[in-house]
Protein chains: 2
Amino acid sequence: MTKPSIPKGTRDFTPLQMARRNYIFDTIKSVFRLYGYQQIETPAMENLSTLMGKYGEEGDKLLFKILNSGDWKQAITPEMLAESTIGQLTSKVSEKGLRYDLTVPFARFVTQYRNDIQFPFKRYQIQPVWRADRPQKGRYREFYQCDVDVVGTDSLLSELELIQIVEEVYRRLGINVCLKLNNRKILSGIAEVIGEADKIVDITVAIDKLDKIGLEKVNEELLEKGLPQEAVDKLQPILALSGTNSEKLQTLREVLASSEVGLKGVEETQTILDYAQAADVQLLIELDLTLARGLNYYTGAIFEVKALDVQMGSITGGGRYDNLTGIFGMPGVSGVGISFGADRIYDVLTELNLYPADVLVGTQLLFATFGQAELNYAVKWAKQLRAEGFSVEVYPEPQKMKKQMTYADQKQIPYVAIVGSDEMAAGKVMLKNMQSGEQQLVSIDALISILR
Amino acid sequence: MTKPSIPKGTRDFTPLQMARRNYIFDTIKSVFRLYGYQQIETPAMENLSTLMGKYGEEGDKLLFKILNSGDWKQAITPEMLAESTIGQLTSKVSEKGLRYDLTVPFARFVTQYRNDIQFPFKRYQIQPVWRADRPQKGRYREFYQCDVDVVGTDSLLSELELIQIVEEVYRRLGINVCLKLNNRKILSGIAEVIGEADKIVDITVAIDKLDKIGLEKVNEELLEKGLPQEAVDKLQPILALSGTNSEKLQTLREVLASSEVGLKGVEETQTILDYAQAADVQLLIELDLTLARGLNYYTGAIFEVKALDVQMGSITGGGRYDNLTGIFGMPGVSGVGISFGADRIYDVLTELNLYPADVLVGTQLLFATFGQAELNYAVKWAKQLRAEGFSVEVYPEPQKMKKQMTYADQKQIPYVAIVGSDEMAAGKVMLKNMQSGEQQLVSIDALISILR
C-alpha cells in the first residue's frame, strides 16, 4: 500500500500550525468586531453561472469544476467529444465550481439578500478559496482569504476605518508595516492630462522602475511604448514626485489642474489623510502612484500593506469599487474593502519569530500516574481543576513515567502532577515544573493558585 | 438577468446565523480544549484514491468529484464513451474529490504523520463536508462536522473523557440530554450465544421495535427473519432487559456467560459506568442495546446523545474503533471519538429558544451625527472607546437621524450616542438607551462606565 498523500498545492495543518493560524485569525477577527463588522459564510460550491466570466478567460480556466452527479456521460455524444471545445464540453458535465475568491460570492450574497440587509453592510468573511494554479512556493491551490468590506456608502470614513483596522491588526501582531495609498482617479487624471487614457498600466509600470533604472531609461521606455514626446514631457513632474504626502498632493494638484477626475482623486486622498491625522493614526502611510492593483476593478482609493522588516510581497490589500454587484444586475452599490493575506502574515510572523511563546500551550497540567487507584484519584482532581477553568489532561494509562513525561514534553505542557501511593496518602500530588525541573508536594488549593 | 442563487442543498449564513453557529462551535471548542484536545485541519479536496471504497458503493456515488484541470477530454475516447461504465469514465477525468466526512481524512492524516505525532493523539476538527445526497429538510449537501477523537490508547478513561465532554458541552448550551451507551462486543456476544453471528442487525432492529409492537410481534418477526426457535428463546431475557444499568448488566452477565467477547463487552461497559460514577458524572447514561450505529466500524463502546425536551434524532454520536488506519496500511491503532451534529444542535437551540439574548450583539454603541464636524468629533470618541475594548461604530455619513436610528435598531445596537453642535460645545454626547428610549447627556468617562 502506498503512503497516503494529499493533492498537490493543498495542505494539512498540524496542531502547531493551527494554533498559529488561529492566533492570526482571532487577532484579525477581534479587531473587525471592534469596528462592528459581522461575519458571513457562503458555500464552497457556487453555480458556474455565478463564477464564470468574472475573473477573465484565464480565471475561468483556474476554476475547480465539480463533475455533475449521476450519469454525466449521457450529456455528451461522440460528436461533441470530437468537435466541441473543452469549455463547451465542460459546461455539459459540470454546473458547479469551487469559489475562486470571496468577492464574487459576496457580490452574489449582497444581491440575493438586498432586501434583508441593513446598509451600510459591514461584513467580514474568512474561508478557503480554490484555484487550479500551478503550485509553487507560497502559492497554493487551497488557501484562506480574510476579507472585510463595507458596502452601501461612499463615505471616505470607511477608508479611514480600514486604515485604522490595518493599524490595529498589525500593532497587535507586532509587525511593523507601511500602508501604500493610491487612487484610481489620480491615475485616470494623469492619463487624461497627457492624452493617453489607455496607457495607465504602462505609465505605472514605468514609474515603478524609476528606482531601479533611473529617469532617463524610464523616459526611453515610455517612448518605446508609444507615448508621444509631449506626453512624456508632461509626465516629468509626476515621475519626479517626491517629498511628503502633502508635497506630492500639491504637485499633483498643479499637474492635474485640467482634469476633473484627477482633482477628485487628489481631494479624496487629501480627505483620507486628513481623517487619519484627525484620528491620530500612527501607521506609516505613503502616497504611492505605482500602486496599480485591481486597476480594472477599483474606482477610488487603492491600498497595499507591506511588512517593513522582512522581504515579502504585499500582506494586505484592497480598495474602493463603485459597482460590486453590477455583474448581478444590482447597480450603484459602492463599497470599499481589504483582504488580509493569512499565509504571508503566517510567514512574516514565523520569519520574525513573533508568535507568543505560549501560542500552542493548550494543556496547562498533565496528571501522570503509577496505577489504577492513582488514575481514579487524578480523574477527581482533574475534574476540580477543569471546573476552575484550567485545561488539564490525565494520561489515560498508568504507563512508565518516562513515557508520560515525554508526552508532556512534546505537547509543551508546563506542569506535570505525579501521583503515586505516597501522594495519595498525603492527599496531595507531586507537582513538577517542566521548565525548571523543580518538584514540590502540593495540595489542590496550592495547585490552583500556582496554575492561576 | 436572473436573480443569483446557490446550488441546492448548500447554504449561505447571515450574520445572525453565523453568530449562533459561532456560539455553538466556540462552546464546543472551549470544552475540547479543557481536556487538552488540539485542532487540525485537512484539505477540502482529497485524492479519490484516499476516498473511494471507504464509504461503500453508495458512498462512492455520493462523493463530489473534481473535474481534472486542462483538456480532460483527451483522456476519453468515443469507444470509452460507448462502452465504459460511469465509474470507469469518471476515474479518467477526475482524480480528486471533496471530503465526505472527517474520519477518513483523519485516518489518512494519522498514517501520514505517524512519525511526528505524539500518541495518544487527541485531536478535534471542525470543517465542512460534502455529500451529493438528495437534499431535503435538515439534510444538506454541505454541512459542518465537529469531531473529537483520541487515538493510540485503548484505555477506557478516554470513553469517560468523551462522556464528560458531552456532559459539559450540553450543560453549557443548556440542553437536557440523555446519553445512550452500548458496546459492540455485547452485541457480538448475543449473536454468538444464540449461534447467529450474522443476524446482529436484525436482532437490534427487532429489539428497537419492542416498545411499538410488543414482545409477541417481535418474536414473530425474528422467526420470519430466519432465526430458529431455539435462538429466539435464548433471546427472551435480552428482549425483557430492563431496570437500572446495573441490573441490565447483571442479566447480560448471566445470558452471555458462555461468550468471552460478550463478557468483555459487559466488563468494558461496567468500567465506563464505574469511571463515570467515580468522576461524579451527572449526565443521564442509559445502557441501550438497540443502539447499533456504525456497526461495521465500531469495536467497543457506542454512544448516542439525544435531546430530552425536543423531538430530534441523535445530536451527538460515536464510539471506539480498533483499526482506524488499517485502510491505509497502519494496523493496530485503537481510538475512540464522537461527532457533534452542529446543524441539529442549532435546530434544538432555536426550537427551545436557548440562545443567549445577546448572541448577535457585536456593536455596543453607534455614533449618530448631524454634520461633518460632528463626524470628526465622533471618530475621536470612537477611538478612545475602542482602546477600552468596546465595539463601536460611527455611522459613516451625517444622514437623517431616523435612518441612523433604524440602522442601530436593525443591528440590535443597544446604545446610540447622538452628536450635534450643542453636545460638541459641552464636550459630551447625548446617549440614547435603545431599549428604554431614555436619553442623557454624558461625558466620555460616564459613557465608559455605562458601557462597562
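Keep in mind the model is a prediction, meaning the values are calculated, not measured. (Residues numbered from 1 in each chain as written. Chains lettered and ligands numbered in written order. Predicted model: local features only at pLDDT ≥ 70, side-chain atom pairs only at ≥ 80, totals over all residues. Heavy atoms only, no water.)

With respect to the overall build of chain A
Okay, so step 1: Per the secondary structure count, chain A includes 17 helices and 16 strands.
Okay, so step 2: Against the globule reference of 22 Å for 452 residues, chain A gives a C-alpha radius of gyration of 29 Å, more extended than a compact globule.
Okay, so step 3: Here the C-alpha coordinates of chain A stretch approximately 95 × 65 × 45 Å along the principal axes.
Okay, so step 4: In chain A, which comprises 452 residues, the proportion classed as buried is 58%.
Okay, so step 5: Considering only contacts within chain A whose residues lie at least 6 apart along the sequence, 68% involve residues at least 24 apart. (Helix = DSSP H or I, 4+ residues; strand = E, 2+ residues; numbered from the N terminus. Rg over C-alpha atoms; globule rule 2.2 N^0.38 Å. Buried < 20%, exposed > 50% of the residue type's maximum accessible area, 1.4 Å probe, protein only. Contact = heavy atoms within 4.5 Å.)

Side note on the nonpolar core
Okay, so step 1: Y170(A), L252(A), F340(A), I345(A), L365(B), F367(B) and L385(B) are the most contacted members of the largest nonpolar core, which has 102 residues in total.
Okay, so step 2: The biggest single contributor to this core is helix α7 (residues 157-173) of chain A, with 9 residues.
Okay, so step 3: Beyond its immediate sequence surroundings of up to four residues, L252(A) is in contact with I186(A), I238(A), L241(A), V266(A), L287(A) and L289(A).
Okay, so step 4: L34(B), I165(B), A191(B) and V232(B) belong to the second largest nonpolar core, which has 101 residues in total. (Core = buried A, V, L, I, M, F, W, Y, C linked by side-chain atoms within 4.5 Å.)

Quick look at the pattern of salt bridges
Charged atoms that come close allow side chains of opposite charge to pair.
All names here are of chain B.
Okay, so step 1: Counted under the stated rule, the structure contains 38 salt bridges over all chains.
Okay, so step 2: Note that K180 and D288 form a salt bridge whose closest N and O atoms lie 3.5 Å from each other. Of the two residues, K180 is situated in strand β7 (residues 177-183) and D288 in the loop between β8 (284-287) and β9 (301-307); the sequence distance between them amounts to 108 residues. For the pair K180 and D288, one class covers both residues: buried. (Salt bridge = Lys/Arg side-chain N within 4 Å of Asp/Glu carboxyl O.)

Side note on the relation of the copies chain A and chain B
Okay, so step 1: Of the transformation superimposing chain A on chain B, the axial component is 0.0 Å and the angular component is 180°, with the fit at an RMSD of 0.1 Å. These values place the two chain copies in the arrangement generated by a two-fold rotation axis. When C-alpha positions in chain A are compared against the rotation axis, the closest is assigned to I66(A), at 2.3 Å. (Least-squares fit on C-alpha atoms with pLDDT ≥ 70 in both.)

Notes on unusual backbone geometry
Residue and element names in this part refer to chain A.
Okay, so step 1: In this structure, P120 follows F119 across a cis peptide bond, with omega equal to -5°.
Okay, so step 2: With respect to the secondary-structure elements, P120 resides in the loop between α6 (103-112) and β5 (121-130).
Okay, so step 3: For N353, which is not glycine, the phi torsion reads 55° and is therefore positive.
Okay, so step 4: Note that N353 resides in the loop between α13 (342-351) and β12 (365-369).

A closer look at the side chain of S259(B)
Residue and element names in this part refer to chain B.
Okay, so step 1: Mapped onto the elements, S259 comes out in the loop between α11 (245-255) and α12 (260-278).
Okay, so step 2: Here the side chain of S259 touches E192 through a polar contact of 3.2 Å, side chain to side chain.
Okay, so step 3: Residues contacting S259, with those up to four places away along its chain left out, are G189, E192 and V193. (Polar contact = N/O pair within 3.5 Å; in protein donor to acceptor, adjacent residues only side chain to side chain.)

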